[in-house]
Structure formats: C-alpha cells, structure tokens
Amino acid sequence: MLKLMKYEFRKQAFSKMVILLLVGLIQLFFFFGIVTDNNNVIGTSMGILAVFTFGALFFMAFEAIITFSNDLKQKCSYMLFLTPHTSYSIVGAKVLAAAIQIILAGIAFFLVYFLDIAVLVGKFNQLELLKEMINQFLQEVFSLNIQLQDIIGVVAVIITAWISVITVAFFSITLSTTFLANFKLKGLVSFLIFIAINYVFGEIVNMGLGRVYDINNLSNLSMYYMLESLYMLCFTIITYVGTSWMLEKKVSV
Amino acid sequence: MVLQCKDLVKKYYSKTAVNGISFDIDQGKIYALLGPNGSGKTTFMKIAAGLVKPTSGTITYKGNQIGPVTKERIAYMSTEPFFYNYMTVADVGKYYKDFFEDFDEKRYEELIDRMELNMKDKSKTLSSGLAAKLKIAATLARKAELYMLDEPLNGIDIIARDKIVTTILEAAKDDVTLLISSHLVDELEKIIDNAIFVKNGNIALMGEAEDLRVKHGKSIVELYKEIYA
C-alpha cells in the first residue's frame, strides 16, 4: 500500500509545488512589508495568505477527488487496476494519501502563520496585548473561554470532516462508474447522491450529539468535538468500505 | 489449461460486447484472438486482466478467480496508451518494478534500447509508434506466465513490425502462453499455434491453426476474410 501511496503523492506533486511557490511569494511580500515598515503591504499580504490558505486546502480536496475520478474514467486507470492489489488497498491508499496531504498542508500553513505572527509580535513588541485582544474578542463575540484542547478539537473536526467529504465523493463517483454505469444521467445522479449523503451524515451528527449535548449551551467543547470527529471517522470508514466493495465487485475501467 | 472461461457475458448499456463465450487456453502456446474492431476481443482481454468485471459467467486463471493473484502472473498490454502523463520512459520502468515482482529491469533497458526509445522521454510526448513500443517494452520486460497483447502492432510502421514480432516471440517458452489480438492477421499467421475468431461477442471459429487450415483448406487469412466479409 505504501507504494500505491507513493504514486498518489507523485500524481499530485505538481500542484503542491505550485502552492509552495505561491506561499513563498506571499511570504516575500509580507517580509517586504516588514522590512520597509509598510503596514498596508503587511495587512494585504496577511489577507492574501488567509484567502489563499482556504483556497489551497479546498483545491487539495478537489484534486484528490479529481484524481480519483480520472483513475476510474481515463485510460491511466489501467496503471492502477493492473497492479496486484485489491480495491481496498487502492482506495485505502488514496484516502490515506489525501488525509496525509491535508494534515501536512494544515501543519505547513500553521507554521507559516506562526512565523508571521511571531515576526509581527517581535516587530511591534505587543505579545501580551495581542493575546489579550484575541481572548477579549472571542469572549465578547462568542461568550467562549477558549482552551487549547478546544482548538485541537476544532482542528480534528475540520480534518475528519474534510476527509469524510472526500470519501463521500469517492463513493459517489464509484457508484456512477459501477452500479450506475449503464444510466445516462449517472454524473448528475452521483452528484445528487454526494449532496444527499453529506446531508444525511450531517443530520446523523446533529441527532446523535444533539441528544447528549445542548448545542446552545456547551460546557465541554472538547468532548463534543472529539465525538463529532469520531462520527466523521465512522462515516469515512463506511464510505471507504462501500467504495472499495463496489470496485471489487463491479470495476470496469 | 491456464485460462478457462465459461458462459462469459459482458453488457454495456443495451450492447452485448461478450455474449456467452466459453473456451480454454492451454499453457505454452501462442493464441491469436481475431476479429474486427468491436467484435469483443478487447473486452474479453480486459475481463481476463481484471480491468472489467463480467456481467455473468466465470473466468479463472489456473483455478484462481481473476484478482491480485492472477495480476501477478498475467501481463496485459492494452491497445490504448495508458501511462500517466507525468511519466518518463524511466518512470514507467520504475513503476513496473515497484508493482510487479516478475519485472526484469535489465530486460526493460535492453528493450527500450532496441525500440530506440530514450529513458528521459516523456510518455505523453511520444509519437503513437513510440508509445506503442513503450507499452510493448514494459509488458514484455515482465517474466509473466501469460501475456495478453491487445493489438500490439497498432501504430507500428511496417518496417518495425518484424522487430516487434521477434521481440514477442522471445517471450514464448514452454511454460509461457501468449494471447495476441489483432486484425492484422497476415502478420500473425506464421507464428500462432491456435486461432480464435470472435464475431459480435461470440466465438465464430476456433482451433489449432494447422487443423483449421487442413479442415477448411484455407489459410487463417482466408478464413478471416470468409468469416468477416
């Protein structure tokens, strides 16, 4: 499976290099603002970085889905399905590769933000003020007392939810190329199935966690996030098994 | 026998590509799978390679269902180019080495040299002839038990065809079986042991090449013209 993962990374390596290059350029812009003491440049670069972070993470998930689709629908699919591996290994490698890329990208962006904030704090020498401002903002706007474990919980939910969306997409695409292969509107049907499954999964989380927690009055945020992550993990496993099973039974590339 | 199929059917939409065919393939022989485009040759090979699941019927290789175990022993070459766009000729070799234990790196280098390919060339920039040669080199560099070559002479110019046929024949051994599909029947006539004529997803005629010639008083080329004219 490691070899399959290696080639999954390789297939998507070009876009990662482009993302890295663009982050580098944004950072150059940021440091140019720091050196020239230009607050407009600093602010603009931070704004671009924020938008770019969101765009890059979204693109990475999208690319994982497109790569999966190509591996089922284009001739290069032979390369993958001629290898002596089960569909469970092939899909598993894709899910793990997507998860690792998203986690690594998350860590990389976190480090970039950490670096930029550290530079800003160093420059303006207002660490305590900044920290106080953020805390005050969160308390006033959300009436929350944010703890480190809560932040970790949010990150875990974002990552698992993101991976779950990817595996639901894998499941829907596979459905269109296997059991729905003989339907003319299979693309549209599989997209509707993608939307429907995500909606159903969302409702399951709301119903499941809603019984245990009062969403409007959460006293134990981290436990809530941990349970939500577990739900997402279960959805990922269900769609992964479903995707692999369909490919095992009905693959036609 | 190595490959056995029984009542094999594959349907796409309302079209039946393979229509209940049954036959066995024996070890150590060279088979020609003959028929015009759309007759079901490629679909059959894809089923045997594990790329397509049959709608009904069974197919086994040495008693094993088609799957990871059979993919380790069967080398399939499709008629279309199928390498990833980012790959160079060298990358294709590395990929095969990573996934197939029977892949012989030295043999690959030798075949690449013989096919006048360059290890640094990108697979997507190759001409159709060179891309066809790359597929052949990668497939025949495996020491497989069964080679299935779908239209190996497609895109190959008339001068290079002999070289390709010679290379294919080098793989033929007592314990190695070759199944070659082609509509260029005259190129195969002199090298095959058995012929399987496929028409509209059915077996129109099959048997040992020499028996067929004697029985019908015609060459394989003439039989081909008679069946498909």
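Bear in mind the structure is a predicted one, so any value in this text is a computation, not a measurement.

Which parts of the structure should I look at to understand the interface of chain B and chain A?
Many authors give the size of an interface as the accessible area that is lost as the parts come together. The interface is formed by 27 residues belonging to chain B together with 30 residues belonging to chain A. Counting each side, the surface lost to burial between chain B and chain A is near 2,700 Å², with a carbon and sulfur contribution of 63%. Between the two partners, chain B and chain A, sit 2 salt bridges. B:D98 is the salt-bridge partner of A:K6, the closest N and O atoms lying 2.7 Å from each other. The tally of links from chain B across to chain A stands at 11 residue pairs in polar contact (both at pLDDT 80 or more). Contributing elements (two or more residues each) for the side of chain B that touches chain A: strand 1 (3–12), helix 1 (41–49), helix 2 (68–71) and helix 3 (89–99) of chain B. Here the element with the most residues in the side of chain B that touches chain A is helix 3 of chain B; it accounts for 4 residues. Of the residues belonging to the side of chain B that touches chain A, the class tally is 16 nonpolar, 2 polar and 9 charged.

How should a nonpolar patch on the surface be read in this particular structure?
All names here are of chain A. Nonpolar side chains collect at one region of the surface, where M1, L96, I100, I103, L104, I107, F110, L111 and F114 lie side by side and expose about 850 Å² of accessible area between them. With respect to the helices and strands, I103 occurs in helix 5 (residues 87–124). Given the relative accessible area of 35%, I103 is considered partly exposed.

What exactly am I supposed to notice about empty space enclosed by the protein here?
Applying the stated criterion across every chain yields a total of 4 cavities of 30 Å³ or more. Quantified by volume, the largest cavity comes out at close to 100 Å³. In terms of lining, the largest cavity is formed by 13 residues, of which the most central are A:S87, A:E248, B:G50, B:K53 and B:K71. If you list the elements that add at least two residues to the lining of the largest cavity, you get helix 9 (221–250) of chain A together with helix 2 of chain B. For the lining of the largest cavity, the per-class residue count stands at 5 nonpolar, 5 polar and 3 charged. The space that makes up the second largest cavity amounts to roughly 70 Å³. Contributing to the lining of the second largest cavity are A:L82, B:A49, B:K71, B:I74, B:A75, B:Y76, B:Y96, B:F100, B:T139 and B:R142. By residue number, the principal contributor to the lining of the second largest cavity is strand 6 (residues 74–77) of chain B, which donates 3 residues. Taken together, the residues of the lining of the second largest cavity break down into 7 nonpolar, 1 polar and 2 charged.

Calculation criteria
- Residues numbered from 1 in each chain as written.
- Chains lettered and ligands numbered in written order.
- Predicted model: local features only at pLDDT ≥ 70, side-chain atom pairs only at ≥ 80, totals over all residues.
- Heavy atoms only, no water.
- Contact = heavy atoms within 4.5 Å.
- Buried area = accessible area lost by both parts, 1.4 Å probe.
- Salt bridge = Lys/Arg side-chain N within 4 Å of Asp/Glu carboxyl O.
- Polar contact = N/O pair within 3.5 Å; in protein donor to acceptor, adjacent residues only side chain to side chain.
- Helix = DSSP H or I, 4+ residues; strand = E, 2+ residues; numbered from the N terminus.
- Nonpolar A, V, L, I, M, F, W, Y, C, P; charged D, E, K, R; others polar.
- Patch = residues over 30% accessible without salt bridge, like charges linked within 9 Å, V, L, I, M, F, W, Y side chains within 5 Å.
- Areas by Shrake-Rupley, 256 points an atom, 1.4 Å probe, with all protein chains shown as cover.
- Buried < 20%, exposed > 50% of the residue type's maximum accessible area, 1.4 Å probe, protein only.
- 1 Å grid on protein atoms, 1.4 Å probe; cavity = no way out; pocket = protein on both sides within 12 Å on 5 of 7 lines; lining within 4 Å.
- Points joined across faces, edges and corners; volume = space filled by probe spheres on them.

No statement about biological role is implied by the geometric values presented.
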